[in-house]
Amino acid sequence: MAGLVPAIRVLNNSKVVDARHKAGHDKCKGKAMPGTPDYFRGKTIVITGAASGIGRAAALIFAREGANVVCADISETGVTETAEKVLETGAQALGLTIDVTRRAAVHDMIELALNDFGRIDFLFNSAGAALARKKFLDIDDDLLERTFDLNVKGTFYAMQAVLPHMLKNRFGVIVNVGSMAHRRGGPGTSVHYAAAKGAVVTMTMGVAREFAKDGIRCLSISPGPVDTAFAAAAATSPELKQRMLDDIPMGRFGTADEIGELVLFMCSDACPYMTADTVYVNGGGGWR
Ligand SMILES: NC(=O)c1ccc[n+]([C@@H]2O[C@H](COP(=O)([O-])OP(=O)(O)OC[C@H]3O[C@@H](n4cnc5c(N)ncnc54)[C@H](O)[C@@H]3O)[C@@H](O)[C@H]2O)c1
């Protein structure tokens, strides 16, 4: 495989092969999504940031629907766990250890997914983080660059890698993750992150509109605080957490599943006219 091969590993191929020999998806009961029955069965999604939080939740939701799930993340332990959980549902999984800030590795991720499943229908770019909380005047070049590399370039590379393939099929849905922060600017803690997420929301709109006549839809989700490792890192003290909660009319953080179900909806055939925009999911909180 060309590119940065050491950055990528195929996880436990034998388990993947075993799962393929299982008859049916017997644990995929309780489907929730409207639209064509079995719409997702046998279709393939690539998910970055799949080791944890929203990415993992989405992986398990797509597995429930019978999709093949390519789980990619920089965390080998976490991505292995997610891939194993996908396999337990009876769906097919491929786990890849990958750094999304490396273009060649992202390219290889798409190639390996195609080798295994022959086709990619959906891409969910969930890998992202604020990396550090800093006041604006303390944000240095290193933090700024790493934040843009992860959130902007990681999303950009994955879209560029998968689009030629989706264009050939004249079909594909890409879902990116923005943040409420892009509307609020991240004052006092995370202007670097808010700006990067603003770029993600803008890129999403551009890609959606450039390829709107080619069978491609591209959307983003801009969550408020969601109960994951990410939110735990942001709510560094009980007082700060309470302040965040006070800002949310529903009085609670969102759950990763609540975002994952939206990814499923966006990729489904229930919303074929929906593209370009970001959807805010925040319990009523935020910039209103
Ligand atoms: N949780 C929130 O409150 C919240 C709010 C708004 C937006 N978001 C966004 O949602 C997305 C998912 O975050 P989450 O809450 O699930 O957090 P999380 O920390 O649980 O998951 C993020 C995942 O990204 C992976 N990752 C980090 N750097 C990577 C790299 N270079 N290459 C590949 N993978 C990498 C991490 O290992 C982790 O598994 C992120 O883009 C985040 O910015 C989260």
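Residues numbered from 1 in each chain as written. Predicted model: local features only at pLDDT ≥ 70, side-chain atom pairs only at ≥ 80, totals over all residues.

A.B. asks: Explain helix α4 (residues 103–117) to me, please; I cannot follow it from the model alone.
C.D. replies: Residue pairs three or four apart in sequence face the same way in an α-helix, which turns once every 3.6 residues. Here α4 spans 21 Å end to end across 15 residues, near enough to the 21 Å set by a 1.5 Å rise per residue. For α4, the full list of buried residues reads Ala105, Val106, His107, Asp108, Met109, Ile110, Leu112, Ala113 and Phe117. For α4, the elements touching its buried residues are β1 (44–48), β2 (68–73), β3 (93–97) and α5 (141–169). At the C-terminal side of α4, Gly118 shows a positive phi close to 80°. (Helix = DSSP H or I, 4+ residues; strand = E, 2+ residues; numbered from the N terminus. Expected span 1.5 Å × (residues − 1). Buried ≥ 20, exposed ≤ 12 C-beta atoms within 10 Å, placed from the backbone. Contact = placed C-beta atoms within 7 Å.)

A.B. asks: Looking at this structure, I do not really get the confidence of the model for the protein chain. What am I missing?
C.D. replies: Where the model shows low pLDDT, its predicted coordinates should not be examined in detail. Averaged over the protein chain, the pLDDT score is 90; the fraction of residues at 70 or greater is 88%. Confidence, expressed as mean pLDDT per element, reaches its minimum in the protein chain at helix α1 (residues 13–20) with 37 and its maximum at strand β4 (residues 122–125) with 99. Taken as a whole, residues 2–29 scores under 50 in pLDDT and shows 53 contacts with residues more than four places along the chain or in a different chain. (pLDDT = per-residue confidence, 0-100.)

A.B. asks: How should I be thinking about the packing of α4 against α5 in this particular structure?
C.D. replies: Any two packed helices are characterised by the angle at which their axes cross and by the distance between the axes. In the contact formed by α4 and α5, the axes pass within 8 Å of each other and the chain directions differ by 35°. Considering only the axes of α4 and α5, their crossing is right-handed. Within the contact between the two elements, α4 uses Arg103, Val106, His107, Ile110 and Leu114 and α5 uses Tyr157, Ala158, Ala161, Val162 and His165. Of the residues assigned to the contact of α4 with α5, the class counts are 7 nonpolar, 2 polar and 1 charged. (Axes fitted to C-alpha atoms, helices over the stretch in contact; angles between N-to-C directions. Left-handed = near helix turned anticlockwise from the far one by under 90°. Nonpolar A, V, L, I, M, F, W, Y, C, P; charged D, E, K, R; others polar.)

A.B. asks: Help me understand the site of the ligand, please; the structure alone is not making it clear to me.
C.D. replies: Looking at the ligand, there are 29 residues lining it, with Gly49, Gly53, Gly128, Thr228 and Phe230 nearest. Taken together, the elements giving at least two residues each to the shell around the ligand come down to α2 (53–64) and α8 (229–234). A class-by-class count of the residues in the shell around the ligand yields 15 nonpolar, 12 polar and 2 charged. (Near = placed C-beta within 6 Å.)

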